[in-house]
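Remarks on the overall topology
Take a look at the letters that make up each chain.
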Amino acid sequence: MTNPARPAQWPALTAAAVTVVLWASAFVSIRSAGEAYSPGALALGRLLAGALALGCVLLVRREGLPPRAAWPGIAVSGLLWFGVYMVVLNWGEQQVDAGTAAMVVNIGPILIALLGARLLGEGLPPRLVAGMAVSFAGAVVVGLSMSGEGGSSTLGVLLCLLAAVGYAGGVVAQKPALAHASALQVTTFGCLVGAVACLPFAGQLVSEASRAPVPATLNMVYLGVFPTALAFTTWAYALARTTAGRMGATTYAVPALVVLMSWLALDEVPALLTLAGGALCLAGVAVSRSRPRKGSAAGTGAPVTPQQPAASPPATEGQPPLRPGRRES
């Protein structure tokens, strides 16, 4: 019964896959850029590069300003996700080891699901809850396997926690805006809001850019053009076609991809425990995306009549969910 709807699902699936891969690649670039740029300067430089790229595309497509109804969500998501999240995550990762940061930040998808249920009325389907539990367990395993080096501080843990809250709040605020504006508009102006919020770091950016090695600056530009401009746009496209909770759960694939990319690009051979955690993350994403065989309304328990295809639950559930785990930033 669900086969006729499946071809329409592929654009959202592809968009989410692009987002997850690019967000995972961001962690490799942040290592280089973070050695030369302070947290605020790195966030501002990344946002300026992203806003410039997005602005050019917006002009070519002639989409113009978003409708007035979209601006509250754009402003909140721009401040919390593009602004607060990027700065405090960069700062927090300087205070704690990578494993601790991964574990703390990965509560973000859980907060998204809870806030989506409370503020957006999305509900908490059993498969989503089960999948997120499995993925979070995998993120904890990955974090524990990576916590042997470096140290942790109370400040660092609090900063990572604040990053998770900013990420979750930004996603939940962005969802209603996508009902009134395109993914490109929401991403472009959200990025601009974040850049404006980070302008107090402009002096640091100018000073550090004059001394930074070229690879670090190129990595900062890469972060702005690809993991920010492109990946946040594909994220918004997919988010408009699923629930915030399920989209958030998809980002649990990021830790597994980071492990793989570090193995291939940096020759960092992961431990068996790390591989096991990554496998759990991916398994949880698969569970959270699965649907009941008989076409219940997106896991909400509402019956579907024989004439009604399973792809016709409420509008926010019209596409399969896909996401962050740890996000970039």
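From a predicted model like this one, the values you see are computed outputs, not experimental measurements. Here the residue numbers are simple positions, counted from 1 along each chain's written sequence. Given that the model is predicted, a residue must reach a pLDDT of at least 70 before its local features are reported, and side-chain atom pairs must reach 80 or more before they are shown or counted; all residues, however, enter totals for whole chains, interfaces and linings. The side-chain figures draw on all heavy atoms in the structure; neither hydrogens nor water molecules are used.

**Details of the overall build of the protein**
Helix and strand definitions here come from DSSP, where helices need a minimum of 4 consecutive H or I residues and strands a minimum of 2 consecutive E residues; each element is numbered from the N-terminal end. The helix and strand inventory of the protein stands at 13 helices and zero strands. Reading the secondary structure of the protein in the N-to-C direction produces α-α-α-α-α-α-α-α-α-α-α-α-α. Burial analysis of the protein (329 residues in total) assigns 51% to the buried set. With an accessible surface of roughly 13,900 Å², the protein has 70% of that area assigned to carbon and sulfur atoms. Between buried and exposed lies partly exposed: a residue is buried under 20% and exposed over 50% of the maximum accessible area for its type, with that area taken using a 1.4 Å probe on protein chains only. All accessibility values rest on the Shrake-Rupley procedure with a 1.4 Å probe; residue burial counts only the protein chains present in the view.

**Re the packing of helix α3 (residues 71–95) against helix α8 (residues 183–197)**
Axes here refer to lines fitted to C-alpha atoms; in helices the fit is confined to the stretch in contact. Angles between the N-to-C directions go from 0 to 180 degrees. At a minimum axis separation of 7 Å, α3 and α8 run at an interaxial angle of 55°. Relative to α8, the element α3 lies oblique. As α3 runs across α8, the sense of the crossing is right-handed. Together, Trp 71, Ile 74, Ala 75, Gly 78, Leu 79, Phe 82 and Gly 83 of α3 and Gln 185, Val 186, Thr 187, Phe 189, Gly 190, Cys 191, Val 193, Gly 194 and Ala 197 of α8 make up the contact between the two elements. Its residues assigned to classes, the contact of α3 with α8 shows 10 nonpolar, six polar and no charged. Comment on the angle field: the value is read as roughly parallel under 35 degrees, roughly antiparallel over 145, roughly perpendicular from 65 to 115, and oblique elsewhere. In this scheme the crossing of two helices becomes right-handed for a clockwise turn of the near helix relative to the far one and left-handed for an anticlockwise turn of less than a right angle. The contact definition used throughout considers only heavy atoms, calling two residues in contact when any of these lie within 4.5 Å. Polar here means any residue other than Ala, Val, Leu, Ile, Met, Phe, Trp, Tyr, Cys and Pro, which are nonpolar, and Asp, Glu, Lys and Arg, which are charged; Gly is therefore polar.

**Looking at the confidence of the model for the protein**
Confidence of the predictor at the level of single residues is captured by pLDDT, which takes values from 0 to 100. Residues at a pLDDT of 70 or more form 79% of the protein, whose mean pLDDT is 81. When the criterion is pLDDT under 50, residues 1–5 qualifies, and its contacts beyond four places in sequence or with other chains add up to four contacts. Across residues 295–329 the pLDDT falls below 50, and counting only partners more than four positions away or on other chains, this stretch makes 108 contacts in the model.

**Let's talk about the side chain of Asn 219**
In this structure, Asn 219 sits in helix α10 (residues 214–239). What qualifies as a polar contact is a pair of N or O atoms within 3.5 Å, subject to a donor-acceptor requirement within protein and to the restriction that residues adjacent in sequence count only when both atoms come from side chains. Separated by 2.8 Å, the side chain of Asn 219 and the backbone oxygen of Pro 215 make a polar contact.

**Some remarks on the pattern of salt bridges**
We count a salt bridge whenever a side-chain nitrogen from Lys or Arg sits within 4 Å of a carboxyl oxygen from Asp or Glu. A full pass over the atoms with the stated rule returns one salt bridge. Among the salt bridges present, the one from Arg 61 reaches Glu 63, with a minimum N-O distance of 2.8 Å. Look at Arg 61 and you get exposed, because its relative accessible area is 56%.

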